[in-house]
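Okay, here's what each chain looks like letter by letter:
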Amino acid sequence: MRAAGPRSSAEALVYGASAVFAAVTAAVTHLGPHRVWGTIAAVAYGLGAVLAARRGGGGPAVPALVAGGAVLVPLAVLVATGHAQPEVGVVHRSGAHLLEHGTPYLPPSELAGGGYEAYNPYLPGMALLGVPHALAGVDARLVFAGVFVALLAASARLLGGGRARPLLVLAASPLVALPMTVGGDDLPVIGLVCAGLALAVRDRPGVAGLALGAAATLKATAWPALLVCLALPAARGGARRYVTAAATVTAVGLLPPALVDPSGMAANVLWFPLGLADVASPADSPLPGRLLADLGPFGHTLALTALGAAAVAMGVSLIVRPPRDVRAAADRLALGLALATALMPASRWGYLVYPAVLALWARFATTPRRPEADQAAASREERDLCLVA
């Protein structure tokens, strides 16, 4: 048995903390899908902590085992039993409604009296991820997860760095594993943003614009990324190609449903998320924007004003001191999204997955490879995979 080094000790600590988080989640949550995830994931993280501490953490065998136990197993259980967060049902319904009516949104007449579950606060592109369910019964969480993992791996490859192990640990962490298992609609947005940033820094502004434009048709949380990413091709003379591609994809994704039923789209994607609909959003985590909105009309206006001021300040910072590399761009975007999450009138803690994953991805994906370390890791990988098998 080989003594654990600094990396394996840190990894064991991460898995141990994750096991505690999962166990506490299972014990205190009132949400059934979260309880299932916490119960299964706590065991997987605990086993990962023991193995990482005792075996030096060599190769991807341990994080792969943890990913299987913390993501694949609970996801399979929840998909098989049909349990999920409400947003999964919203995406399923919107995909079917898009195919039948040309818009993913119910009209205002059908929203009245339907409660918050009748609303679809996502942008039209999200409904496309629900089409596989409408056509073949494929759970949207499988689509979310597949898109996210593929784009995360592709973005790291584009940057020419990023050893597989830390990215796998990130994907298996509660930060990603919990939302991927119970809901996960934010993950494809994050994946597209990561891909867009990587493409922009690799002097492929047109394709970067396509990726960011696609993200902007899924959720409004991607819109700040459009501006932050613009700073990268602008510094390399590719701003026009980036803007053209991003604007084209965004327009193609947003305009058709807006033309089919403009009032329905406005009621779902504008008035409901901004807290101006007849039904309150269930996104009610006690963050500053939500607490201000609960004070009444004046507090709600104050929250929107603060949100607008933060957006203006972020825009000014991009002009005064534009980011020049992936890490700087990801950090600037993470800061902007953290502020938006804190100040939105309807918000939840789960939205913090955006800044957290972006900041960590930018560091893991750009870590230079060391040939001698990779060769040693390869031999450890072969040994550990044999032991696990």
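This is a predicted model, so every value here is computed, not measured.

Parameters at a glance
Residues numbered from 1 in each chain as written. Predicted model: local features only at pLDDT ≥ 70, side-chain atom pairs only at ≥ 80, totals over all residues. Heavy atoms only, no water. Helix = DSSP H or I, 4+ residues; strand = E, 2+ residues; numbered from the N terminus. Buried < 20%, exposed > 50% of the residue type's maximum accessible area, 1.4 Å probe, protein only. Contact = heavy atoms within 4.5 Å. pLDDT = per-residue confidence, 0-100. Expected span 1.5 Å × (residues − 1). Core = buried A, V, L, I, M, F, W, Y, C linked by side-chain atoms within 4.5 Å. Phe/Tyr/Trp six-rings, centres within 6.5 Å; stacked < 30°, edge-to-face > 60°.

What to know about the overall build of the protein
Piece 1. Counting its secondary structure elements, the protein contains 20 helices and 0 strands.
Piece 2. Counting only residues that meet the buried cut, the protein has 49% of its 389 residues in that class.
Piece 3. Residue pairs at least 24 apart in sequence account for 78% of intrachain contacts in the protein once pairs closer than 6 positions are excluded.

Regarding the confidence of the model for the protein
Piece 1. A residue-level look at the protein finds 89% of positions with pLDDT of 70 or above and a mean pLDDT of 86.
Piece 2. Segment residues 371–389: pLDDT under 50, and 19 contacts once partners within four positions in sequence are set aside and those in other chains are kept.

Considerations on helix α13 (residues 223–234)
A turn of α-helix holds 3.6 residues, and therefore any two residues three or four places apart point the same way.
Piece 1. Along its 12 residues, α13 runs 17 Å from first to last C-alpha, staying within 8% of the 16 Å computed at 1.5 Å per residue.
Piece 2. Residues of α13 that are buried: Ala-225, Leu-226, Val-228, Cys-229, Ala-231, Leu-232 and Pro-233.
Piece 3. Tucked inside the fold, the buried residues of α13 contact α11 (187–201), α12 (205–216), α14 (239–260), α17 (297–320) and α18 (326–343).

Let's talk about the side chain of Thr-25
Piece 1. With respect to the helices, strands and loops of the structure, Thr-25 is situated in helix α1 (residues 6–28).
Piece 2. Owing to a relative accessible area of 11%, Thr-25 belongs among the buried residues under this scheme.
Piece 3. With sequence-adjacent residues up to four places away left out, Thr-25 is seen in contact with His-34 and Trp-37.

Digging into the nonpolar core
Piece 1. Core analysis: the biggest nonpolar cluster contains 80 residues, and Tyr-15, Tyr-45, Met-126, Ile-190, Val-193, Leu-197 and Trp-361 have the highest contact counts within it.
Piece 2. A total of 12 residues in this core trace back to one element, the largest contributor, which is α11.
Piece 3. In this view, Ile-190 contacts Phe-148, Val-353, Tyr-354 and Val-357; residues no more than four positions away in its chain are not counted.
Piece 4. Formed by 6 residues, the second largest nonpolar core is a distinct cluster that contains Leu-106, Leu-111, Ala-118 and Phe-272.

A word on the environment of Leu-123
Piece 1. Position of Leu-123 among the secondary structure elements: in the loop between α5 (108–111) and α6 (124–128).
Piece 2. Exposure remark for Leu-123: the relative accessible area of 7% places this residue in the buried category.
Piece 3. Sequence separation of Leu-123 and Ala-215 is 92 residues, and the distance between their C-alpha atoms is 9.7 Å.
Piece 4. Ignoring any residue separated from it by four or fewer positions in sequence, one finds Leu-123 in contact with Tyr-105, Ala-216, Thr-217, Leu-218, Lys-219, Ala-220, Trp-223, Leu-254 and Val-269.

Section: unusual backbone geometry
Piece 1. Notably, Asp-203 is not glycine yet its phi reads approximately 60 degrees, a positive angle.
Piece 2. By the element assignment, Asp-203 lies in the loop between α11 and α12.

A word on the environment of Leu-218
Piece 1. With respect to the helices, strands and loops of the structure, Leu-218 is situated in the loop between α12 and α13.
Piece 2. Note: C-alpha distance between Leu-218 and Pro-124 (94 residues apart in sequence) is 6.4 Å.
Piece 3. Every residue in contact with Leu-218, bar those within four places of it in the chain, is listed here: Tyr-122, Leu-123, Gly-125, Met-126, Leu-129, Pro-188, Val-189 and Leu-192.

A closer look at helix α4 (residues 86–101)
Piece 1. For α4, which comprises 16 residues, the first-to-last C-alpha distance of 22 Å matches the rise-based estimate of 22 Å (1.5 Å per residue) to within 8%.
Piece 2. The set of residues buried in α4 consists of Glu-87, Val-88, Val-90, Val-91, His-92, Ser-94, Gly-95, His-97 and Leu-98.
Piece 3. For α4, the secondary structure elements touched by its buried residues are α6, α7 (131–136), α8 (140–159) and α10 (174–182).
Piece 4. A positive backbone phi angle near 80 degrees is found at Gly-102, which sits one or two residues after α4.

Describing the packing of aromatic side chains
Piece 1. Inspection of the entire model under this criterion finds 3 aromatic pairs.
Piece 2. Where Phe-21 meets Trp-37, the ring centres are 6.3 Å apart and the plane angle is 65 degrees; that geometry is what we call edge-to-face. With Phe-21 in helix α1 and Trp-37 in helix α2 (residues 32–55), this pair connects stretches of sequence that are 16 residues apart.
Piece 3. For Trp-37, a relative accessible area of 0% puts it in the buried group.
Piece 4. Geometrically, the ring pair formed by Trp-37 and Tyr-45 is edge-to-face, given 6.3 Å between the ring centres and 70 degrees between the ring planes. For the pair Trp-37 and Tyr-45, a shared accessibility class is recorded, and that class is buried.
Piece 5. Taken together, the aromatic side chains of Phe-21, Trp-37 and Tyr-45 make up a single cluster linked through ring pairs.

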